[in-house]
Amino acid sequence: MAYQLEEINRAVRQDKLGFMQACDAEYQKKVERAADLICENMKKSPVVLLSGPSGSGKTTTAYKIRAELERRGVGSYAISMDDYFIHRDPKTAPRTPDGEIDYESPEMMDLALLDRHFAQLTRGEEVLVPHFEFARQMRNDSKGRRIKLGKDEIAIFEGIHALNTKLTARHPHATRLYISARSNIMEGDVVRFKATWMRLTRRAVRDFNFRGTDIVGTLDMWANVRRGEKLYISPYKHTAHMLFDSALPYEVSVMACYARPLMAAVPQENQRRHELLELVRAFDSFETIEPGLVPKDSLLHEFIG
């Protein structure tokens, strides 16, 4: 779907808090629909696979789905598929067209172990979920978690490759969810803010706030992130039982306060500066919302803190 700029600005001028609360209520309805789907499918499989590209809000959405399931008496374990990364020999690691190691590739993951764990959990057996230390680029199973699903319990595997058919083909009954910010913001028939810009903005603000990465660093990674999405993530989104749009109509009005100064600081020589200046100018079309007004349980806190 798409949102209309005029309607957003009118709502912000009239009642910022009420507008944000209404948007968050719509988002919560999607969370409840996802929980409905999981509950309906539990007898077939206790495994939930949650995928989506960078900046989609997977972590917060998974947490909210777990909270909704808990409210219904369904226990859950959240498992990051990042912990199934493996250290690959540089000689055999997959490569990007530029010759760099392709960290976006599913071949950087222990697909055989994931497949085995899906099957064992479904049978009610105990598994040792690994722990991958990215700083040392190695697995440390001494910090792993032992999990065994009891009655009315599920395991939510969250990661960009969760819907890859190399995993799902052998587990067709697992509940499959795909999450992304999918809605453009329009002015009539003209796109004023692209959904991909929302995700780039989320990523840039989060990288700056929590990962010590400036906008230039985010941009250096973004082209490869987008390449990985097109190759490894988007082709599988239509296999999902539910496509979850995490775009919030009010978020550009909030993010403008963070992103405008970040993106305006991009050096003249950066090859993506022209596109970013177009993005920065797009923020000027929006009424702003002070970040301090954002409800405490908003998805945006995953990115703004």
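Nothing here was measured: the structure is a model prediction, and the numbers come from that model.

Novice: Would you mind going over the pattern of salt bridges in detail, with residue names and values included?
Specialist: Taken as a whole and assessed by the stated rule, the structure comprises 21 salt bridges. The residue Arg10 makes a salt bridge to Glu6 at a minimum N-O spacing of 3.2 Å. In this pair, Arg10 and Glu6 both sit in helix H1 (residues 5–14), four residues apart, roughly one turn of the helix. Look at Arg10 and you get partly exposed, because its relative accessible area is 34%. Look at the salt bridges and you will find they share partners, linking Asp36, Glu68, Arg71 and Arg72 into a network.

Novice: Could you give me a rundown of the sheet that holds strand S1 (residues 2–4), with the residues and numbers involved?
Specialist: Taken together, three strands build an open sheet; the order of strands is S1-S10-S11 and the sheet is mixed. With partners counted over all chains shown, the strands left at the sheet margins are S1 and strand S11 (190–193), one partner each. Between one strand and the next, the sheet's axes are offset by a mean angle of 45°, whatever the strand orientation. The pairing of S1 with strand S10 (residues 184–187) spans three bridges and is parallel. Among the inter-strand pairings, Ala2 is bridged to a residue of S10, identified as Asn184.

Novice: Give a detailed account of the side chain of Thr175, specifying residues and quantitative values.
Specialist: Inspection of the secondary structure assignment puts Thr175 in strand S9 (residues 175–180). With relative accessibility at 1%, the residue Thr175 sits in the buried group. Within the local environment of Thr175, its side chain forms a polar contact with the side chain of Asn41, the two groups lying 2.9 Å apart.

Novice: Explain the packing of aromatic side chains residue by residue, including any values.
Specialist: Per the counting criterion, the structure on display carries seven aromatic pairs. Judged by centre distance (6.3 Å) and plane angle (55°), the ring pair of Tyr84 and Phe157 falls under tilted. Note that Tyr84 is positioned in the loop between strand S3 (75–80) and helix H4 (111–122) and Phe157 in strand S8 (residues 153–158), a separation of 73 residues in sequence. Considering the side-chain rings of Phe118 and Phe157, the 4.7 Å spacing of their centres and the 75° angle between planes classify their relative orientation as edge-to-face.

Novice: Hey, could you go over helix H6 (residues 195–210) for me, with residue numbers and the actual values?
Specialist: For H6, which comprises 16 residues, the first-to-last C-alpha distance of 22 Å matches the rise-based estimate of 22 Å (1.5 Å per residue) to within 8%. Most of H6 sits out of view: twelve of its 16 residues are buried. Inspection of H6 places Ala195, Trp197, Met198, Arg199, Leu200, Thr201, Arg202, Arg203, Ala204, Val205, Arg206 and Asp207 among the buried residues, and these make up the whole buried set.

Novice: If you had to explain the sheet that holds strand S2 (residues 47–51) to someone new, which residues and values would you point to?
Specialist: With parallel pairing, five strands are arranged side by side in an open sheet as S3-S8-S2-S9-S12. For this open sheet the edge positions go to S3 and strand S12 (242–245), each flanked by a neighbour on one side alone. Within this sheet the neighbouring strands show an average axis-to-axis angle of 25°, counted without direction. Inspection of the sheet shows S3 paired to S8 by six bridges, in the parallel sense. Note that in S8 the partner of Gly75 across the bridge is Glu153. Sitting on the sheet, helix H2 (residues 16–41) touches S2, S8, S9 and S12, and the angle it makes with S12 is about 160°.

Novice: Lay out the environment of Leu279 in plain terms, naming residues and giving numbers.
Specialist: Note on placement: Leu279 falls in helix H9 (residues 273–283). Setting aside residues no more than four positions away along its own chain, Leu279 makes contact with Phe193, Trp197, Leu200, Thr201 and Met263.

Novice: So what's going on with the nonpolar core? Which residues, and what values?
Specialist: In this structure, Ile65, Ile185, Phe193, Tyr250 and Met263 are the most contacted members of the largest nonpolar core, which totals 61 residues. With eight residues, the single largest contributor to this core is H2. Excluding anything up to four places from it in sequence, Ile65 contacts Val31, Ala34, Ile38, Leu50, Ile156 and Leu177. Counting residues in each nonpolar core, the second largest holds 31 residues, with Tyr84, Leu114, Ala162 and Tyr178 among its members.

Novice: Before we move on, could you go through the environment of Thr96 and cite the residues and values that matter?
Specialist: Structurally, Thr96 is set in the loop between S3 and H4. Judged by relative accessible area, which is 10%, Thr96 ranks as buried. Once the C-alpha coordinates of Thr96 and Gly124 are considered, the two residues, 28 residues apart in sequence, prove to be 39 Å apart. Excluding residues that lie within four positions of it along the chain, Thr96 makes contacts with Ile101, Asp102, Asn224 and Arg227.

Novice: Summarise the pairing of S8; cite the residues concerned and give the values.
Specialist: Of all six residues in S8, five are buried, a share of seventy percent or more. Where S2 meets S8, four bridges bridge the pair, whose relative direction is parallel. By the bridge assignment for S8, Leu50 is matched with Glu158.

Rules and cut-offs
Counting from 1, residues in each chain are numbered in the order their sequence is written. Residue-level local features of this predicted model are given only where pLDDT is at least 70; pairs of side-chain atoms are given and counted only at 80 or more, and the full residue set underlies all totals for whole chains, interfaces and linings. The basis for every side-chain value is the complete set of non-hydrogen atoms in the structure, without hydrogens or water. Only one rule defines a salt bridge in this text: a Lys or Arg side-chain nitrogen within 4 Å of an Asp or Glu carboxyl oxygen. Under the DSSP-based scheme used, a helix requires at least four consecutive residues in state H or I and a strand at least two consecutive residues in state E, with every element numbered from the N terminus. Between buried and exposed lies partly exposed: a residue is buried under 20% and exposed over 50% of the maximum accessible area for its type, with that area taken using a 1.4 Å probe on protein chains only. Any two strands with at least two DSSP bridges between them are considered paired. For helices, the axis comes from a line fit to the C-alpha atoms of the stretch in contact; other axes are also lines fit to C-alpha atoms, and the angle between any two N-to-C directions lies between 0 and 180 degrees. Residues adjacent in sequence count toward polar contacts only when both atoms are side-chain atoms; beyond that, a polar contact is any pair of N or O atoms within 3.5 Å, and within protein one must be able to donate a hydrogen and the other to accept it. Ring pairs shown here join Phe, Tyr and Trp side chains whose ring centres sit within 6.5 Å, with only the six-membered ring taken for Trp; geometry is labelled stacked below 30 degrees between planes, edge-to-face above 60, and tilted in between. By definition here, a helix of n residues has an expected span of 1.5 Å times n minus one. Working rule for contacts: check all heavy atoms of both residues, and any pair within 4.5 Å makes them a contact. Think of a nonpolar core as a cluster: buried Ala, Val, Leu, Ile, Met, Phe, Trp, Tyr and Cys residues, connected wherever their side-chain atoms sit within 4.5 Å.

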